[in-house]
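Spelled out, the chains give:
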Number of protein chains: 2
Amino acid sequence: MNIYDVSRRAGVSIATVSRVLNGNPNVSEKTRTKVLTVMDELGYTPNVFARGLGLGTMKTIGIMCSDSSDPYLANAIYHLERQLRSHGYDSLLCCTGPSLENKRIYFELLLSKRVDAVILAGSKFVELIDKNNDYLIEAAKEIPIMLVNGFLDAPGIYSTVCNDYQAMYGAASLLIGSGRRNILYLYTSHSYSGLNKVEGYKNALTDHNLPVRREYIHQCPKDLTESRKLLEKLDGLGLKFDAVMTSDDSLAVGAVKYAHKKNIRLPQQLAVIGYNNSILSYCTNPEISSIDTKVEQLCTTTVDTLMRVFDGGSVTAKTVISAEFIQKQTTNFSI
Amino acid sequence: MNIYDVSRRAGVSIATVSRVLNGNPNVSEKTRTKVLTVMDELGYTPNVFARGLGLGTMKTIGIMCSDSSDPYLANAIYHLERQLRSHGYDSLLCCTGPSLENKRIYFELLLSKRVDAVILAGSKFVELIDKNNDYLIEAAKEIPIMLVNGFLDAPGIYSTVCNDYQAMYGAASLLIGSGRRNILYLYTSHSYSGLNKVEGYKNALTDHNLPVRREYIHQCPKDLTESRKLLEKLDGLGLKFDAVMTSDDSLAVGAVKYAHKKNIRLPQQLAVIGYNNSILSYCTNPEISSIDTKVEQLCTTTVDTLMRVFDGGSVTAKTVISAEFIQKQTTNFSI
DNA sequence: CATGGTTCTGTAAGCGCTTACATTCTCATA
DNA sequence: TATGAGAATGTAAGCGCTTACAGAACCATG
């Protein structure tokens, strides 16, 4: 069944049917009602491919991420999808996995699907954004590129980020204020947000006249066991630390595990601060203080911005969302 | 740029270009090479809409789920997407949220996008599958409908499920075998798998000559705090229990929290078993024994089955994946 | 060299929609 | 009643591809 069937039965031309389909105001109320009735009777659904051909768009947004099963990204994708749908857009999901190679290939693939925009979710696209970003910039001339937790200054590229620097600065200051002097910092990767986080940590130390020591800053795979082992290793090397800050909750969970294993009291002997305030930070005992990066707000803002771009409105290239420190037990010194 | 540009430059007809595009064998090697070279030179990408119009498909699969941020579903979606892509299919994600109303609306929406198949991921579609399933059955006449952790016997509908019954039966038997007599069972919902799980629990009791008692079976929202509170309440009511089995890890985490709060030793005084063996079950101390439902295998099988359906091969309507009990500390009685 | 079977290529008719432009209708105004 | 602006509708030409069918080219055979 197609537009001709509807037009025939409604006694109008296909142009009129199409107008009704597209909400064109140049249709008399009587005709519109008639056509809609017939469509309903026939159970007619317009063919999206034909529509796409004619309009050049199918109202679909590509969402790219490295690993959608990561709790943080999973949450982001959920909110992005729902938000986009509420605006009548579909979401084409594309998980690249860890391979950098894939990121570029899949990006091109997404473009070839003629999506109306691409959202790069998560800060794992740093290599793609910072280096060899020529094709990103090129693509942005055609369609909007939205970065969630990433930044690249180029026309057609819009960013929504969290104020990671301030968040980490604040959290570190809090620890220092409560007397901690040997604060370990564990991070998963030097992504866009990753760099801001570590800067926040370093500057907080400096501003409080504490030394920034190399041996207190370590990279660690995003894994509970790995981070636990790393702490055990550092401990074994004789490093003294009374607090652990992390760029991700999973590392903080590892820190709590380490403390359990070594019978270290939390937070008295060791304070722990996670990042993202994911469900993981609520699973441990004691629960881990963490930084709520407002994923939902981040996603809502991203989609709102995108819609404004589509509408041709004026849009700022970078929007910053304020994180919030969530005080839980691993920094509750009043116990 | 379109197929005409390519054909002109390559000195062939558009039909030949189209043949090359579609891997039609009736093209001489020389011509094929020539056309491919020109495509490369021009950076030509076929228009997917036109292609969709001509072929009637765009190689896109709809993935529906209630909440993609749930760790279990997030994992499933990740694997489904990657698996589908490896077969050259795109994934159109559709999160319905909790509303049942939405599930139906979104399902229709997905169909109207002319997807080649729909995958219903997760057992949250039970209302949709068990009742008012007329339109599901109707849709399955047009395109394959794949159920992940759900079952409906109708032509065109294919299921991949986990042997939840056996898994739960085995886990309960294990507890009974180690002397537990008062085993609590907490579940989030009576979904397809939910029903099988509780049956496994009940039958294990019965087969070991233990009574199945109503007051030992409780529904609970999928939430750490809720399950903790529920246990506290039951405890307060004087109910005695020496083990907790759950239909989801999050409930089991709540059980561990309860034990911590009440200074109950795990597993000596209380054994705990989760479900899905998600990252949550590794976060607590002690770590929670759980049932690995082999999400990746579930997803791979689902996609493989779908591909076989597309290829017109013979396909069984229901494939069962074997879960595996993962022994961790909350049931390690040898300590 | 004619013949017929293959293999390869081209022509043209869709696929179902959008939309510029042309046409018809409506109706207030002169 | 004639008139012309504006609203409503129709006609037809795409959009870029696939593919049935026709036709050309090639080649081994008698």
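Just so it is clear, the structure is predicted and the values come from calculations on it, not from any experiment.

Enquirer: Tell me about the protein's contact with DNA strand D, and please be specific about residues and values.
Expert: Around DNA strand D sit 27 residues, and of these Arg19 and Thr31 of chain A together with Ile3, Ser18 and Tyr44 of chain B come closest. Of all DNA strand D atoms lying within 4 Å of any protein atom, the proportion belonging to sugar or phosphate reaches 62%. Contact between DNA strand D and arginine 51 of chain B: a phosphate oxygen at 2.9 Å from a side-chain N or O atom of the residue. Looking at the surface near DNA strand D, the elements that each hand over two or more residues are helix 2 (14-21) of chain A together with helix 1 (3-10), helix 2 (14-21) and helix 4 (48-55) of chain B. Taken together, the residues of the surface near DNA strand D break down into 14 nonpolar, 10 polar and 3 charged.

Enquirer: Explain the sheet that holds strand 2 (residues 90-95) of chain A to me, and be specific about the residues and the numbers.
Expert: What the 12 strands build is an open sheet, ordered 11(A)-5(A)-4(A)-3(A)-1(A)-2(A)-2(B)-1(B)-3(B)-4(B)-5(B)-11(B); its pairing is mixed. The sheet is open, and its two borders are formed by strand 11 (318-321) of chain A together with strand 11 (318-321) of chain B, each paired with just one other strand. On average, adjacent strands in this sheet sit at an angle of 20° to one another, irrespective of strand direction. For strand 1 (residues 60-65) of chain B and strand 2 (residues 90-95) of chain B, the ladder comprises 6 bridges, and the chain directions are parallel. By the bridge assignment for strand 2 of chain B, isoleucine 61 of chain B is matched with serine 91 of chain B. Along the sheet, helix 5 (residues 71-86) of chain A makes contact with strand 1 (60-65), strand 2 and strand 3 (117-121) of chain A together with strand 2 of chain B, crossing strand 2 of chain B at roughly 80°. Along the sheet, helix 5 (residues 71-86) of chain B makes contact with strand 2 of chain A together with strand 1, strand 2 and strand 3 (117-121) of chain B, crossing strand 2 of chain A at roughly 80°.

Enquirer: Which residues make up the protein's contact with DNA strand C, and what values go with them?
Expert: Around DNA strand C, a shell composed of 28 residues is seen, among which Ile3, Ser18 and Tyr44 of chain A together with Arg19 and Thr31 of chain B lie nearest. Counting only atoms of DNA strand C within 4 Å of the protein, the fraction found in sugar and phosphate groups is 61%. Interatomic distance of 2.9 Å between a side-chain N/O atom of threonine 16 of chain B and a phosphate oxygen of DNA strand C. With respect to DNA strand C, the side chain of threonine 31 of chain B contributes an N or O atom lying 2.2 Å from a phosphate oxygen. At the level of elements, helix 1 (3-10), helix 2 and helix 4 (48-55) of chain A together with helix 2 and helix 4 of chain B are the ones that each hand at least two residues to the surface near DNA strand C. Taken together, the residues of the surface near DNA strand C sort by class into 14 nonpolar, 11 polar and 3 charged.

Enquirer: Give me the interface of chain B and chain A: which residues, what numbers.
Expert: Each side of the interface is counted separately: chain B has 49 residues, and chain A has 49 residues. Note on chain B versus chain A: buried area summed over both sides is about 4200 Å², and carbon and sulfur give 63% of it. Counting across the interface, chain B meets chain A through 4 salt bridges. Glutamate 287 of chain A serves as the salt-bridge partner of lysine 257 of chain B, at 2.7 Å between the closest nitrogen and oxygen. At the boundary of chain B with chain A, the tally comes to 16 residue pairs in polar contact (both at pLDDT 80 or more). Taken together, the elements giving at least two residues each to the side of chain B that touches chain A come down to helix 4, helix 5, strand 2, helix 6 (100-112), helix 12 (249-261) and helix 13 (280-283) of chain B. Counting residues per element, the side of chain B that touches chain A draws most heavily on helix 5 of chain B, at 7 residues.

Enquirer: Outline the relation of the copies chain B and chain A, listing residues and values.
Expert: With an axial shift of 0.0 Å and an RMSD of 0.1 Å, the rotation relating chain B to chain A amounts to 180°. Within this description, the copies of the chain are treated as partners about a two-fold rotation axis. Same-surface contact between copies: 100% of interface residues of chain B are shared with the interface of chain A.

Enquirer: I'd love a proper account of the packing of helix 4 of chain A against helix 4 of chain B, names of residues and values included.
Expert: At their nearest, the axes of helix 4 of chain A and helix 4 of chain B sit 8 Å apart, and the two run at 145° to each other. Judged by the sense of rotation from one axis to the other, the crossing of helix 4 of chain A with helix 4 of chain B is left-handed. Residues Phe49, Ala50, Gly52 and Leu53 of chain A of helix 4 of chain A pack against Phe49, Ala50, Gly52 and Leu53 of chain B of helix 4 of chain B. When the residues that make up the contact of helix 4 of chain A with helix 4 of chain B are grouped by side-chain class, the tally is 6 nonpolar, 2 polar and no charged.

Enquirer: A description of the packing of aromatic side chains should follow, citing residues and the corresponding values.
Expert: Residue and element names in this part refer to chain A. Under the defined criterion, the tally for this structure stands at 12 aromatic pairs over all chains. Ring plane angle 75° and centroid distance 5.4 Å describe the contact between phenylalanine 107 and tyrosine 135, whose orientation is recorded as edge-to-face. With phenylalanine 107 in helix 6 (residues 100-112) and tyrosine 135 in helix 8 (residues 134-139), the pair connects residues that are 28 residues apart, well separated along the chain. A relative accessible area of 0% means that phenylalanine 107 is categorised as buried. When the ring of tyrosine 185 is compared with that of tyrosine 201, the centres are 5.0 Å apart and the planes differ by 25°; the resulting orientation is stacked.

Enquirer: Can you lay out the pairing of strand 5 (residues 157-162) of chain B for me, pointing to particular residues and giving the numbers?
Expert: All names here are of chain B. For strand 5, the buried fraction is high: 6 of the 6 residues fall into the buried class. In strand 5, alternate side chains face the same way, and those of Ile157, Ser159 and Val161 on one face and Tyr158, Thr160 and Cys162 on the other are all buried. Pairing between strand 4 (residues 145-148) and strand 5: 4 bridges, direction parallel. Directly across from leucine 147, in strand 5, lies its bridge partner serine 159. Alignment of strand 5 against strand 11, held across 4 bridges, turns out to be parallel. Bridge pairing links serine 159 to lysine 318 in strand 11.

Enquirer: Got a sec to walk through the environment of phenylalanine 325 of chain A? Specific residues and values, please.
Expert: All names here are of chain A. Counting through the fold element by element, phenylalanine 325 comes out in strand 12 (residues 324-326). Residue phenylalanine 325 is classed as partly exposed on the basis of its relative accessible area of 27%. Spatially, the C-alpha atoms of phenylalanine 325 and methionine 58 are 41 Å apart, while their sequence positions differ by 267 residues. When near neighbours in sequence (up to four residues on either side) are disregarded, phenylalanine 325 contacts Ala171, Leu174, Ile273, Ser289, Ser290, Ile291 and Thr331.

Enquirer: So what about the sheet that holds strand 6 (residues 183-187) of chain A? Which residues, and what values?
Expert: Residue and element names in this part refer to chain A. The strand order across the open sheet built from 4 strands is 7-6-8-9, with neighbouring strands paired in parallel fashion. The sheet is open, and its two edges are formed by strand 7 (217-219) and strand 9 (271-273), each paired on a single side. Going across the sheet, the axis of each strand differs from the next one's by a mean of 20°, ignoring polarity. Bridge analysis of strand 8 (residues 243-246) against strand 9 gives 3 bridges, and the strand direction is parallel.

The rules behind the values
- Residues numbered from 1 in each chain as written.
- Chains lettered and ligands numbered in written order.
- Predicted model: local features only at pLDDT ≥ 70, side-chain atom pairs only at ≥ 80, totals over all residues.
- Heavy atoms only, no water.
- Near = heavy atom within 4 Å.
- Polar contact = N/O pair within 3.5 Å; in protein donor to acceptor, adjacent residues only side chain to side chain.
- Helix = DSSP H or I, 4+ residues; strand = E, 2+ residues; numbered from the N terminus.
- Nonpolar A, V, L, I, M, F, W, Y, C, P; charged D, E, K, R; others polar.
- Pairing = 2+ DSSP bridges.
- Axes fitted to C-alpha atoms, helices over the stretch in contact; angles between N-to-C directions.
- Contact = heavy atoms within 4.5 Å.
- Buried area = accessible area lost by both parts, 1.4 Å probe.
- Salt bridge = Lys/Arg side-chain N within 4 Å of Asp/Glu carboxyl O.
- Least-squares fit on C-alpha atoms with pLDDT ≥ 70 in both.
- Left-handed = near helix turned anticlockwise from the far one by under 90°.
- Phe/Tyr/Trp six-rings, centres within 6.5 Å; stacked < 30°, edge-to-face > 60°.
- Buried < 20%, exposed > 50% of the residue type's maximum accessible area, 1.4 Å probe, protein only.

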